[in-house]
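# Structural overview for review
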Amino acid sequence: MNRPPQINPAARGFTLIEIMVVVVIIAIMSAVIVGEMSGTFHDAVLRSTSRQLISVFSVASSRAISLDRTQQVRFDRTTGRYALEMRRHGEFVPVDSIIDGEGTIDSRITLQIRGEGSEDAIAFHPDGTADEREIELRDSDGFGLALRVNPITSRVEVRELERQ
């Protein structure tokens, strides 16, 4: 005679309650992680934008010294674009031959320029100096970074701002 197979009591499956507890734990952990990742994404966009601006400022400073001509980075607040320009015959003209010499600031980032002189441009001079400016970048969560251009060395100092 065929006997039905014996079920080992230790080899039983999971109960419905055990599975539901695991699903609830996973849901809670997912909610916490997604909330943290949202802030991390905005922070990454802000930091990436600041690195792009620091890079174009460095290129402008280097070109001003090596070409013995004033360079400037001009900002168009309506479109969010910025571009490297060179002084030629008393006026500034766009520089087209430079990789990363222009770009667009992400629409989720607000930009404010503080300092003396033109509100929409920062000049870098052949003697290694620059216009004294501070650029404030803020994301939609209120997190901010300030990029301060040192007028003597034309280097950029980055500092975090308080949340708004």
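The preceding data block contains the structure.
Residues numbered from 1 in each chain as written. Predicted model: local features only at pLDDT ≥ 70, side-chain atom pairs only at ≥ 80, totals over all residues. Heavy atoms only, no water.

### Some details on the sheet that holds strand 7 (residues 133–138)
Applicable threshold: By definition, two strands form a pair when at least two bridges between them are found by DSSP. Where helices and strands are cited, they refer to DSSP runs of H or I of at least four residues and of E of at least two residues respectively, numbered from the N terminus. Angles run from 0 to 180 degrees between N-to-C directions of axes, and those axes are lines fitted to C-alpha atoms, restricted for helices to the stretch in contact.
With antiparallel pairing, four strands are arranged side by side in an open sheet as 5-7-8-9. In this open sheet, the two edge strands, each paired with only one partner strand, are strand 5 (110–115) and strand 9 (156–161). Adjacent strand axes in the sheet meet at a mean angle of 20°, parallel and antiparallel pairs treated alike. The sheet contact formed by strand 5 and strand 7 spans six bridges and is antiparallel. Bridge assignment links I113 to a residue of strand 7, and that residue is I135.

### Remarks on the packing of aromatic side chains
In plain terms, the rule: Here a Phe, Tyr or Trp ring, Trp counted by its six-membered ring, pairs with any other such ring whose centre lies within 6.5 Å, and the pair is stacked when the planes are under 30 degrees apart, edge-to-face when over 60, and tilted otherwise. Burial here depends on accessible area, computed with a 1.4 Å probe over protein chains only, as a share of the maximum for the residue type. Under 20% is buried, over 50% is exposed, and the range in between is partly exposed.
Counted by the stated rule, this structure contains two aromatic pairs. Where F57 meets F124, the ring centres are 5.7 Å apart and the plane angle is 35°; that geometry is what we call tilted. Taken together, the residues span a long stretch of sequence, with F57 in helix 1 (residues 16–67) and F124 in strand 6 (residues 121–124) at a distance of 67 residues. The exposure class of F57 is buried, given its relative accessible area of 0%. When the ring of F75 is compared with that of Y82, the centres are 6.3 Å apart and the planes differ by 45°; the resulting orientation is tilted.

### Examining the environment of A60
Applied cut-off: The criterion used for residue contact is that any of the two residues' heavy atoms lie within 4.5 Å.
Its place among the elements puts A60 in helix 1. The buried category is assigned to A60, whose relative accessible area is 0%. For the pair A60 and H125, spaced 65 residues apart in sequence, the C-alpha separation works out to 8.8 Å. Setting aside anything within four residues of it in sequence, one finds A60 in contact with Q71, V73, L84 and F124.

### Regarding the pairing of strand 3 (residues 91–94)
Where strand 2 (residues 81–88) and strand 3 come together, four bridges link them in antiparallel fashion. Following the sheet pairing, R88 is matched in strand 3 by E91.

### Describing a nonpolar patch on the surface
Convention followed: Each patch is built from residues that are more than 30% exposed by relative accessible area and take part in no salt bridge. Like charges join if they lie within 9 Å; nonpolar side chains (Val, Leu, Ile, Met, Phe, Trp, Tyr) join within 5 Å. Accessible surface is estimated by sampling points in the Shrake-Rupley manner with a 1.4 Å probe; for residues, cover comes only from the protein chains shown. Think of a salt bridge as a Lys or Arg side-chain nitrogen and an Asp or Glu carboxyl oxygen that are within 4 Å of each other.
Taken together, I17, V21, I25, M29 and I33 make up a surface patch of nonpolar side chains, about 490 Å² in accessible area. For M29, the position within the fold is in helix 1.

### Things to note about the environment of L53
Tracing the backbone shows L53 in helix 1. Measuring from C-alpha to C-alpha, the distance between L53 and V156 comes to 9.5 Å, with 103 residues separating the pair along the chain. Among residues more than four places away in sequence, those in contact with L53 are F75, Y82, I105, L111, L137 and L147.

### Focus: the pattern of salt bridges
Inspection of the entire model under this criterion finds 12 salt bridges. A salt bridge links E85 to R74; its shortest N-O distance comes to 3.0 Å. Of this pair, E85 sits in strand 2 while R74 is found in strand 1 (residues 71–76), placing the two residues 11 residues apart along the sequence. In this structure, the salt-bridge partner of R159 is E134, at a minimum N-O distance of 3.1 Å. One end of the pair, R159, is in strand 9; the other, E134, is in strand 7, and 25 residues separate them in sequence. By relative accessible area, which is 38% here, R159 ends up partly exposed. With a relative accessible area of 16%, E134 lands in the buried category.

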